[in-house]
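Residues per chain are reported as follows:
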Amino acid sequence: MRYPLALFLALAFAATCQAAENQEPVCIQCHGSEMMKPAFRNIPGEWRQSWHNQNGVSCNDCHGGDPADAAMAMSPERGFVGTPKYRDVPEFCGKCHIGILSNYIESGHGKALKASRKAPTCVTCHGSHNIQKASIGIINEQLCTKCHSYERAKSMKQALFL
């Protein structure tokens, strides 16, 4: 009789741990609710499709806060930093993407941001929540012509294949 009870308790504990492990962060629950401003309700769907989600990177990994406690989710005491200012985006993403940050800072885009504060940052091309795996395809006419002609970007893209 002792062993079936112990087995039952062990299975119940494992199921509870698995459920807690698979539970989405309260950030996603709140952003998907009716109480959220409509402009922010698309964030959960975008994040679910993202490369970050596919690789276990959650809201709090970028924005801080407590993903398990709705009352403390946006608490500075729990490390919540929220949305960075546009000029701070490279440093924000660079917390994890260290090598890419140094490449960006030395690039024409990085230098333009430093000089004029009007240049593309990580989110301009990669998005802020529906972040996709980086590929050479990100250098394309649709994205690049938002700021300049595609000719220069096209030549740079071709140079990457030499």
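Because the structure is a prediction, the values reported are computed rather than measured. Positions within a chain are numbered from 1, following the residues in the order the chain's sequence is written. Note on the predicted model: pLDDT of at least 70 is required for a residue's local features to be given, and 80 or more for side-chain atom pairs to be given and counted; whole-chain, interface and lining totals, by contrast, use all residues. The basis for the side-chain values is all heavy atoms of the structure; hydrogens and waters are excluded.

A.B. asks: Looking at this model, I keep getting lost on the overall build of the chain. Mind explaining?
C.D. replies: A tally of helices and strands in the chain yields eleven helices and zero strands. To qualify as a helix, a DSSP run of H or I must reach at least 4 residues; to qualify as a strand, a run of E must reach at least 2; elements of each kind are numbered from the N terminus. Order of helices (α) and strands (β) in the chain, N terminus to C terminus: α-α-α-α-α-α-α-α-α-α-α. We call a residue buried when its accessible area falls under 20% of the maximum for its residue type, exposed when it is over 50%, and partly exposed in between, using a 1.4 Å probe and counting protein chains only. Taking all 162 residues of the chain together, 23% fall into the buried category. Contacts between residues were defined by any pair of non-hydrogen atoms, one from each residue, lying within 4.5 Å. Long-range contacts, defined as pairs at least 24 residues apart, comprise 38% of the intrachain contacts of the chain with a sequence gap of at least 6. If you sum the accessible surface of the chain, you get close to 11800 Å²; carbon and sulfur atoms cover 61% of it. Note on areas: Shrake-Rupley with a 1.4 Å probe; residue coverage comes only from the protein chains shown.

A.B. asks: What am I meant to see in a nonpolar patch on the surface here?
C.D. replies: Patches in this entry comprise residues that are over 30% relatively accessible and not in a salt bridge; like charges within 9 Å are linked, as are nonpolar side chains (Val, Leu, Ile, Met, Phe, Trp, Tyr) within 5 Å. By definition here, a salt bridge exists when the distance from a side-chain nitrogen of Lys or Arg to a carboxyl oxygen of Asp or Glu is within 4 Å. A cluster of nonpolar residues, Ile136, Leu160 and Phe161, forms a patch on the protein surface that exposes about 320 Å² of accessible area. Take phenylalanine 161: it is sitting in the segment after helix 11 (150-159). Given the relative accessible area of 59%, phenylalanine 161 is considered exposed.

A.B. asks: Looking at this structure, how should I read helix 11?
C.D. replies: Side chains of residues three or four places apart in an α-helix project in the same direction, reflecting 3.6 residues per turn. Residues of helix 11 that are buried: Tyr150, Ala153 and Lys157. The buried residues of helix 11 occupy an angular sector of 65° when projected down its axis, which confines them to one face. What points out from helix 11, more than 90 degrees from its buried face, is the exposed set Glu151 and Arg152. For helix 11, the secondary structure elements touched by its buried residues are helix 10 (141-144). By definition, the arc is the one covered by directions from the helix axis to the C-beta atoms.

A.B. asks: Whenever I open this one, the environment of histidine 52 confuses me. Can you help?
C.D. replies: With respect to the secondary-structure elements, histidine 52 resides in helix 4 (residues 51-54). With a relative accessible area of 16%, histidine 52 lands in the buried category. Between the C-alpha atom of histidine 52 and that of cysteine 62, which follows or precedes it by ten residues, the distance is 10.0 Å. Residues within four places of histidine 52 in sequence aside, it is in contact with Val57, Cys62, His97 and Ile131.

A.B. asks: I would appreciate a short explanation of the packing of helix 7 (residues 98-106) against helix 8 (residues 108-116) in the present structure.
C.D. replies: Two quantities define a packed helix pair, namely the angle between the helix axes and the distance between the axes. Look at helix 7 against helix 8: their axes get within 4 Å of each other, and the N-to-C directions meet at 70°. Considering their axes alone, helix 7 and helix 8 lie roughly perpendicular with respect to each other. Seen from helix 7, the contacting residues are Tyr104, Ile105 and Glu106; seen from helix 8, they are Gly108, His109, Gly110, Lys111 and Leu113. Here the residues of the contact of helix 7 with helix 8 are counted per class, giving three nonpolar, three polar and two charged. All axes are obtained by fitting lines to C-alpha atoms, using only the stretch in contact for helices, and the reported angles, taken between N-to-C directions, cover 0 to 180 degrees. Here is the rule for angles: anything less than 35 degrees is roughly parallel, anything more than 145 is roughly antiparallel, 65 through 115 is roughly perpendicular, and the remaining ranges are oblique. Amino acid classes used here: Ala, Val, Leu, Ile, Met, Phe, Trp, Tyr, Cys and Pro are nonpolar; Asp, Glu, Lys and Arg are charged; the rest, including Gly, are polar.

A.B. asks: Help me out: how do you make sense of the pattern of salt bridges in this one?
C.D. replies: Two side chains that carry opposite charge are able to pair once their charged atoms sit near each other. If you walk through the whole model with that rule in mind, you get four salt bridges. The closest approach of N and O atoms between arginine 48 and glutamate 24, which form a salt bridge, is 2.8 Å. With arginine 48 in helix 3 (residues 43-48) and glutamate 24 in the loop between helix 1 (2-22) and helix 2 (26-31), this pair connects stretches of sequence that are 24 residues apart. In this structure, the salt-bridge partner of aspartate 66 is arginine 78, at a minimum N-O distance of 2.3 Å. Pair noted here: aspartate 66 is in the loop between helix 5 (59-63) and helix 6 (89-94) and arginine 78 is in the loop between helix 5 and helix 6, with a separation of twelve residues, a long-range link. On the accessibility criterion, aspartate 66 (16% relative accessible area) is buried. Overall, arginine 78 belongs to the partly exposed group, its relative accessible area being 38%. One network of salt bridges, in which partners are shared, links Asp66, Asp69 and Arg78.

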